[in-house]
Amino acid sequence: MIKTFIESDCEILVSTMNQSSLDFLLQMFPLRHFSNYNILIINQSKTNTLSSEFPSVRVINSLDVGLSKSRNLAIENAIEKILLIADDDVIYQKDFIEKIITAHNKFSKATIVNFCAIKEDGICLKKYPRGSRSELDTKEILNISSIEITINKEKLDSVGIRFDENFGLGSNFEMGEEAVFLFDLKDKDQCIAFEDQVIVKHEGLTSSDKIEDLHRYYIYGAIIRRVLMKNGVFWLLVKIFFDIKQKKIKISSFFKAIDNANKGRKKIEAINYGK
């Protein structure tokens, strides 16, 4: 394996809101002081201004609202080769930078390498693929969370893909920005890999967990219209039957889920195509 990247090539892109102090970074990086890492913080706030006295920690204060806008601003202003998507409520695990760099050297053709996250009890955040994978299928891509994503910036910039700002917290559709981003890359024949290594912990409910189950179908309808037009109905039915099996929704909610998905589909069509 040719070692193209080294640990100092990694930059952590943190999206946050209304911060006036860097103290939140202490919880994110409990094993080493945060100043040991290259960090770019996007602080979205109309009231609080954040600053940094550490050369390794850069801050951009933005008046914009929306998680995808924050992600895109971070990517545009990132200066290192390997980028780690981060939220302000996660905790990075032992040797996470080493794992990321090793994986990008291993998957040298990959634009994206995804990793594992754990809950506060040490259990995996979700069901992950077994072992390393140089490519992921549709179901696996739909299951990816942003805090698991690392990016080869040069490869990303070569195809000009960014997060769709219609998706993500603070936008028209409160989740799904990761899936849309990754499918846009897949459409450009970019390699999306997976490394079976834990890099981060997320305690408590995720943002998507807080969204009411049937409302998810409104968002999911928009996602599948945006990225899975040919097979959208199939993947919608797969999700519904899976959620019924997992008792997330009742069988009696089947048609309500379909109706919500159709409303989401029509909304994204109106936004993108003026329908």
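See the structure printed just above.
Conventions we followed
Residues numbered from 1 in each chain as written. Predicted model: local features only at pLDDT ≥ 70, side-chain atom pairs only at ≥ 80, totals over all residues. Heavy atoms only, no water. Pairing = 2+ DSSP bridges. Helix = DSSP H or I, 4+ residues; strand = E, 2+ residues; numbered from the N terminus. Axes fitted to C-alpha atoms, helices over the stretch in contact; angles between N-to-C directions. Contact = heavy atoms within 4.5 Å. Salt bridge = Lys/Arg side-chain N within 4 Å of Asp/Glu carboxyl O. Buried < 20%, exposed > 50% of the residue type's maximum accessible area, 1.4 Å probe, protein only. Parallel < 35°, antiparallel > 145°, perpendicular 65-115°, else oblique. Left-handed = near helix turned anticlockwise from the far one by under 90°. Core = buried A, V, L, I, M, F, W, Y, C linked by side-chain atoms within 4.5 Å. Phe/Tyr/Trp six-rings, centres within 6.5 Å; stacked < 30°, edge-to-face > 60°. Lys NZ or Arg CZ within 6 Å of the ring centre and 35° of its normal.

Participant: So what exactly am I meant to see when it comes to the sheet that holds strand 8 (residues 191-202) here?
Facilitator: In sheet architecture, strand pairing relies on hydrogen bonds along the backbone and comes in two forms, parallel and antiparallel. Taken in spatial order, the eight strands line up as 3-2-1-4-7-6-8-5 in an open sheet, and their pairing is mixed. Because the sheet does not close on itself, it has two edges, and the strands there are strand 3 (57-62) and strand 5 (90-92). If you compare each strand with its neighbour and ignore which way they point, the axes differ by 30° on average. Looking at chain direction, strand 5 and strand 8 are connected through three bridges and run antiparallel. Of the residues in strand 8, the one forming a bridge with Tyr 92 is Val 200. Against the sheet, helix 2 (residues 67-77) touches strand 1 (10-17), strand 2 (38-44), strand 3, strand 4 (82-87) and strand 7 (149-152), its axis set at about 140° to strand 2. Packing against the sheet, helix 6 (residues 177-187) makes contact with strand 6 (110-118), strand 7 and strand 8, and its axis sits at approximately 150° to strand 6.

Participant: What is the right way to look at the pattern of salt bridges in this model?
Facilitator: For side chains of opposite charge, pairing can occur when their charged atoms come near one another. Under the counting rule described, the total for this entry stands at 15 salt bridges. Put simply, Arg 265 and Glu 269 hold a salt bridge, and the shortest N to O gap is 3.4 Å. Taken together, the positions of Arg 265 and Glu 269, both in helix 9 (residues 254-273) and four residues apart, correspond to about one turn of that helix. Take Arg 265: its relative accessible area is 27%, and that puts it in the partly exposed class. Sharing partners across several salt bridges, the network here consists of Glu 76, Lys 153, Asp 157 and Arg 162.

Participant: Can you help me understand the pairing of strand 4 in this one?
Facilitator: Along any regular strand, the residues point their side chains to alternate faces of the sheet. Burial analysis of strand 4 places six of its six residues in the buried class, the great majority of the element. Judged by which residues are buried, strand 4 turns out to be covered on both faces: Ile 82, Leu 84 and Ala 86 on one side and Leu 83, Ile 85 and Asp 87 on the other are all buried. The pairing of strand 1 with strand 4 spans six bridges and is parallel. Bridging across to strand 4, Leu 13 finds its partner in Ile 85. Bridge analysis of strand 4 against strand 7 gives three bridges, and the strand direction is antiparallel. Across the sheet, the residue bridging to Ile 82 is Asn 152, located in strand 7.

Participant: Teacher, can you tell me more about the packing of helix 6 against helix 7 (residues 213-227) here?
Facilitator: Helix-helix packing: each pair is described by the crossing angle between the helix axes and the interaxial distance. Remark: helix 6 packs on helix 7, axes separated minimally by 10 Å, with the N-to-C direction vectors making an angle of 10°. By the criterion of interaxial angle, the relationship of helix 6 to helix 7 is roughly parallel. Contacts between helix 6 and helix 7 involve Ala 179, Val 180, Phe 183 and Asp 184 from the former and Ile 223, Arg 226 and Val 227 from the latter.

Participant: So what exactly am I meant to see when it comes to the environment of Lys 69 here?
Facilitator: Positionally, Lys 69 belongs in helix 2. Given the relative accessible area of 34%, Lys 69 is considered partly exposed. Placed 14 residues apart in sequence, Lys 69 and Leu 83 show a C-alpha to C-alpha distance of 16 Å. Excluding anything up to four places from it in sequence, Lys 69 contacts Gln 44, Asp 64 and Glu 165.

Participant: Explain the packing of helix 7 against helix 8 (residues 232-245) to me, please; I cannot follow it from the model alone.
Facilitator: One can describe the packing of helix 7 onto helix 8 by two numbers: an axis separation of 9 Å at closest approach and a directional angle of 150°. Taken together, the axes of helix 7 and helix 8 are roughly antiparallel relative to one another. Considering only the axes of helix 7 and helix 8, their crossing is right-handed. Within the contact between the two elements, helix 7 uses Tyr 217, Tyr 220 and Ile 224 and helix 8 uses Gly 232, Trp 235, Leu 236, Lys 239, Ile 240 and Asp 243.

Participant: What am I meant to see in the nonpolar core here?
Facilitator: Grouped burial of nonpolar side chains is what soluble globular proteins tend to show. Counting residues in each nonpolar core, the largest one holds 86 residues, and the members touching the most others are Ile 12, Leu 25, Phe 29, Ile 39 and Phe 96. If you tally residues by element for this core, the top one is helix 7, at nine residues. Contacts of Ile 39, omitting those with residues within four sequence positions, involve Ile 12, Val 14, Leu 25, Phe 29, Phe 34, Ser 56, Val 57 and Arg 58.

Participant: Looking at this structure, how should I read the packing of aromatic side chains?
Facilitator: Two numbers describe a pair of aromatic rings. These are the distance of the centres and the angle of the planes. Under the defined criterion, the tally for this structure stands at 13 aromatic pairs. With a centroid separation of 5.9 Å and 35° between ring planes, the pair formed by Phe 241 and Phe 254 is classed as tilted. Of this pair, Phe 241 sits in helix 8 while Phe 254 sits in helix 9, and the two are 13 residues apart along the sequence. The class for Phe 241 is partly exposed, based on a relative accessible area of 49%. Three or more aromatic residues joined by ring pairs make a cluster, and in this case those are Phe 29, Tyr 37, Tyr 92 and Phe 96. Residue placement shows Lys 239 over the ring face of Tyr 220; its charged tip is 5.4 Å from the ring centre.

Participant: Mind showing me how you'd approach the pairing of strand 6 here?
Facilitator: Of all nine residues in strand 6, nine are buried; the element is thus mostly enclosed. As judged from the seven bridges shared by strand 6 and strand 8, these two strands associate in the parallel manner. Residue pairing for strand 8: Ile 118 is matched across the bridge by Lys 201. Strand direction decides the pairing type here: strand 6 and strand 7, joined by three bridges, are antiparallel. Bridge pairing links Val 113 to Thr 150 in strand 7.

Function cannot be inferred from these measures alone, as they are strictly geometric.
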